Amino acid sequence: MYHLSTRMVSLVLTFGIFFALSCSTFQSSTESPQSLYEAGSYENALQSVNDQIRDNPEDLDLQLLKASILQKIAVENYQPENRTSVYTNLKNTTDEISFKTDTYQDRTDSILTSAWMHEQSAGVRLLQQDGTTTFDEHFDRVIAHFNNAVTIIPDSIVTYNLMATTYYRHGDLSEAISTLESIEETGYTRPPETCEKLAYLYLEAGRIDQSIEIYETLSANYPDTEIYQQGLVNSYILGDMHTDAIALLEDLTGVYPNRVQYREALATERFYLLQQQISNDIESANGETFSDSDANQVIDKLNEISSIYRDIDETLPSSEERQQRIAAFYVSSADLLEQILPFSDESIETRLSDQRETFLRASIPYWQTLYEANSDRSAYAYSLIEVYDELGMEDEAELLQQQVNF
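Since this is a predicted model, take the numbers as computed values, not measurements.

Novice: What is the right way to look at the packing of helix α5 (residues 84-100) against helix α6 (residues 105-129) in this model?
Specialist: Working note: a packed helix pair is described by the angle between its axes plus the distance between those axes. α6 packs onto α5 with a crossing angle of 160° between their chain directions and a minimal axis gap of 9 Å. Judged by the inter-axis angle, α5 sits roughly antiparallel to α6. When you trace α5 past α6, the crossing you get is left-handed. Side by side, α5 and α6 meet where Tyr 87, Leu 90, Lys 91, Thr 94, Ile 97 and Ser 98 of the first sit next to Gln 105, Thr 108, Ile 111, Leu 112, Ala 115 and Glu 119 of the second. Residues belonging to the contact of α5 with α6 are distributed by class as follows: 6 nonpolar, 4 polar and 2 charged.

Novice: Help me understand a negative patch on the surface, please; the structure alone is not making it clear to me.
Specialist: Taken together, Glu 386, Asp 389, Glu 394, Asp 395, Glu 396 and Glu 398 make up a surface patch of like negative charges. When residues of the negative patch are traced back to their parent elements, those giving at least two are α18 (378-391) and α19 (394-405). No other element matches the 4 residues that α19 contributes to the negative patch. With respect to the helices and strands, the residue Asp 389 is situated in helix α18.

Novice: Got a minute to help me understand the nonpolar core in this structure?
Specialist: Note that soluble globular proteins tend to have their nonpolar side chains buried in a common cluster. Ranked by internal contacts, the top residues of the largest apolar core, which has 85 residues, are Ile 278, Leu 302, Leu 337, Ile 340, Leu 352 and Trp 367. Discounting chain neighbours no more than four positions away, the residues touching Ile 278 are Phe 290, Val 298, Leu 336 and Ile 340. In terms of nonpolar packing, the next biggest core, distinct from the first, is built from 27 residues, Tyr 42, Leu 65, Leu 70 and Tyr 87 among them.

Novice: What exactly am I supposed to notice about the pattern of salt bridges here?
Specialist: If the charged atoms of two oppositely charged side chains come close together, the side chains can form a pair. Counted under the stated rule, the structure contains 18 salt bridges. Among the salt bridges present, the one from Glu 357 reaches Arg 361, with a minimum N-O distance of 3.0 Å. With Glu 357 and Arg 361 both in helix α17 (residues 346-373) and 4 residues apart, this pair spans about one turn of that helix. Among the residues examined, Glu 357 registers a relative accessible area of 35% and is labelled partly exposed. By relative accessible area, which is 40% here, Arg 361 ends up partly exposed. Salt bridges here are not isolated pairs; linked through shared partners, they connect Glu 264, Glu 321, Arg 322 and Arg 325.

Novice: Got a minute to help me understand the confidence of the model for the chain in this structure?
Specialist: Averaged over all residues, the pLDDT of the chain is 89; the fraction at 70 or higher stands at 91%. Taken element by element, the predicted model of the chain shows its lowest mean pLDDT in helix α1 (residues 2-29) (35) and its highest in helix α11 (residues 208-221) (98). Every residue in residues 1-29 scores below 50 in pLDDT, and together they form 0 contacts with partners more than four places removed in sequence or on other chains.

Basis of the calculations
- Residues numbered from 1 in each chain as written.
- Predicted model: local features only at pLDDT ≥ 70, side-chain atom pairs only at ≥ 80, totals over all residues.
- Heavy atoms only, no water.
- Axes fitted to C-alpha atoms, helices over the stretch in contact; angles between N-to-C directions.
- Helix = DSSP H or I, 4+ residues; strand = E, 2+ residues; numbered from the N terminus.
- Parallel < 35°, antiparallel > 145°, perpendicular 65-115°, else oblique.
- Left-handed = near helix turned anticlockwise from the far one by under 90°.
- Contact = heavy atoms within 4.5 Å.
- Nonpolar A, V, L, I, M, F, W, Y, C, P; charged D, E, K, R; others polar.
- Patch = residues over 30% accessible without salt bridge, like charges linked within 9 Å, V, L, I, M, F, W, Y side chains within 5 Å.
- Areas by Shrake-Rupley, 256 points an atom, 1.4 Å probe, with all protein chains shown as cover.
- Salt bridge = Lys/Arg side-chain N within 4 Å of Asp/Glu carboxyl O.
- Lys, Arg positive; Asp, Glu negative; His and termini not counted.
- Charge placed at Lys NZ, Arg CZ, Asp CG, Glu CD.
- Core = buried A, V, L, I, M, F, W, Y, C linked by side-chain atoms within 4.5 Å.
- Buried < 20%, exposed > 50% of the residue type's maximum accessible area, 1.4 Å probe, protein only.
- pLDDT = per-residue confidence, 0-100.

This is the structure we're talking about:
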């Protein structure tokens, strides 16, 4: 009896354990994906909903639930840098729903927008709270958040711009460029503002031709947008297309007569181009001389440039940089006339010499003001001493030399 009873108990216990396990398994298998999702058991919910989708591939409510589950899994179970595959699954799921019907468009858009907002906002928050000491620390995570955002909504231009800016601030110029290039590579259209940003990055990277191409297109399509004209001027200058730069600057000074930067840039470009032309003429002279007409034309052009600087100086408060630029222009103009003197007819030599002296004397007040306001900057004093020496003003040169050496 004892052995039999023990066996019976054993059987009963075994049966009871088996029954309990069976009940548990049965109970788990009957939990719906929705209840698992609501309970926060997202991986089990995903497995369950995938099983049901296999049996009911046309049930779009299940697909919607799957999309919601995937959104939760991405945030709850993975770090930002590891969420891309989950978000890809989420995007593919919503795309499949949209392909079959537009009935659920509002709901799929809501899921995608919610996921996008989470990633976009997280990246922006890190950027806003970072300082120079923490930017590198947050950089990888910020990029991960923005990568996730464009995985969810691939035509999110604002995200591409933020990501490019983040790379640029980090010193990754090529990555910033690649980010903006990838917009059209994935089949979307860059808006004008983003095109301008890419053109600027091309310019900074030395890819001048590509920058010019974009700025010319933008300027043609949006002729009243000043920033595109500015970008085109800069790209022309850096691309050694000075004639085009001058033509555009002349247009800009006509439209915006009070924009000092355009007038200064025009004066600088005109003088640079004149220097280049004279240098080329001297190299190809082969013993020939500058005619009186040629020499007079050079003087007239220099005086035109001088009038631009004089007008700016008389109408606006002068900065140190502007005073230095004007003083340097007058000295360089005198040097330019000195270069053509040996190649000029005797009939024009006197005018060239006189004009050269006029330019040197015109530089004196600027050098004096610069030195008096910046007595620690001996470079200004030595520039002034050189001008005094050129003009034969030995007493002034000697006195200033003593002041510098005191």
